[in-house]
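# Breakdown of the fold
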Amino acid sequence: DTAVSQTPKYLVTQMGNDKSIKCEQNLGHDTMYWYKQDSKKFLKIMFSYNNKELIINETVPNRFSPKSPDKAHLNLHINSLELGDSAVYFCASSLGLAGGVNTGELFFGEGSRLTVL
Amino acid sequence: LAKTTQPISMDSYEGQEVNITCSHNNIATNDYITWYQQFPSQGPRFIIQGYKTKVTNEVASLFIPADRKSSTLSLPRVSLSDTAVYYCLVGYYNQGGKLIFGQGTELSVKP
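None of these values were measured; they are calculated from a predicted model.

## Some details on the layout of surface pockets
Roughly 430 Å³ of internal volume is contained in the largest pocket. Lining the largest pocket are 25 residues, with Gln37(A), Lys41(A), Val88(A), Arg113(A) and Ser41(B) sitting closest to its centre. If you list the elements that add at least two residues to the lining of the largest pocket, you get strand S9 (87–94) and strand S11 (112–116) of chain A together with strand S8 (84–92) of chain B. Ranked by residues supplied to the lining of the largest pocket, first place goes to S11(A) with 4 residues. Partitioning the lining of the largest pocket into residue classes produces 9 nonpolar, 10 polar and 6 charged.

## Let's talk about the pattern of salt bridges
Residue and element names in this part refer to chain A. The tally for this structure, following the rule as stated, stands at 4 salt bridges over all chains. Linking Asp-30 and Lys-71 is a salt bridge whose minimum nitrogen-to-oxygen distance equals 2.8 Å. Placement of the pair is Asp-30 in the loop between strand S3 (19–25) and strand S4 (31–37) and Lys-71 in the loop between strand S7 (64–70) and strand S8 (73–78), with a sequence separation of 41 residues. According to the relative accessible area criterion, Lys-71 is partly exposed, its value standing at 35%. Residues participating in the shared-partner salt-bridge network are Arg-63, Glu-82 and Asp-85.

## Things to note about the environment of Tyr49(A)
All names here are of chain A. Here Tyr-49 is to be found in strand S5 (residues 43–50). With 17 residues separating them in the primary sequence, Tyr-49 and Pro-66 have C-alpha atoms 9.1 Å apart. When near neighbours in sequence (up to four residues on either side) are disregarded, Tyr-49 contacts Asp-30, Thr-31, Met-32, Leu-54, Ile-55, Pro-66, Lys-67, Ser-68 and Leu-74. A distance of 3.4 Å separates a polar side-chain atom of Tyr-49 from the backbone oxygen of Pro-66.

Cut-off values and rules
Residues numbered from 1 in each chain as written. Chains lettered and ligands numbered in written order. Predicted model: local features only at pLDDT ≥ 70, side-chain atom pairs only at ≥ 80, totals over all residues. Heavy atoms only, no water. 1 Å grid on protein atoms, 1.4 Å probe; cavity = no way out; pocket = protein on both sides within 12 Å on 5 of 7 lines; lining within 4 Å. Points joined across faces, edges and corners; volume = space filled by probe spheres on them. Helix = DSSP H or I, 4+ residues; strand = E, 2+ residues; numbered from the N terminus. Nonpolar A, V, L, I, M, F, W, Y, C, P; charged D, E, K, R; others polar. Salt bridge = Lys/Arg side-chain N within 4 Å of Asp/Glu carboxyl O. Buried < 20%, exposed > 50% of the residue type's maximum accessible area, 1.4 Å probe, protein only. Contact = heavy atoms within 4.5 Å. Polar contact = N/O pair within 3.5 Å; in protein donor to acceptor, adjacent residues only side chain to side chain.

Written as structure tokens, this is what we have:
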């Protein structure tokens with residue numbers, strides 16, 4: 001069974017379109033994340049949710065909107081796509097903020113490669 | 001601003017020991033240090049985690065000096081299948097729990 005699954009794996013679209021990436025984890029974790037990996041392999045955190053509540057919102061354009069319907073799902077919706085949004089987006093989960101400290105053990109999905117033309 | 005730094009790339013040969021060092025000068029008291037491995041077209045995968053001194057598991061060792069401002073991932077006797085990008089991740093709780101990755105070290109193992 002896949003622990004953290006993302007769909008779609010590949011997404012090719014035109015500038016200006018709106019698209020969504022879905023993520024689900026079956027690990028029973030409390031915290032979920034979205035990371036963006038650019039062409040230089042740099043992994044940058046975008047958002048994190050703990051028990052459906054937003055706890056980290058990095059400097060990300062308002063065109064990016066995460067949604068967590070329950071603690072097993074964290075979806076990412078992107079409006080008005082731009083060329084610079086082309087990247088691989090990774091969803092991840094972790095046990096949670098144990099005692100207020102996140103020890104950093106993350107479980108990643110396989111990634112969703114977004115190409116904006 | 002919290003920051004981790006590590007070498008961009010390293011080369012090695014099969015059978016050698018490889019040590020990759022990550023610098024994290026602003027590490028806080030409650031922060032842990034975690035290393036991940038990433039193969040092409042896959043998500044990063046957990047290798048090892050530590051807080052201080054030395055941690056060893058079946059695939060790697062992690063050395064953390066007393067001041068904790070750096071850490072070294074040690075891979076014993078690498079093989080071709082260890083060719084991957086290795087990331088250092090430090091839990092910077094004092095920045096609201098952000099988990100900041102280093103830029104990754106691309107390890108190339110040659111025959």
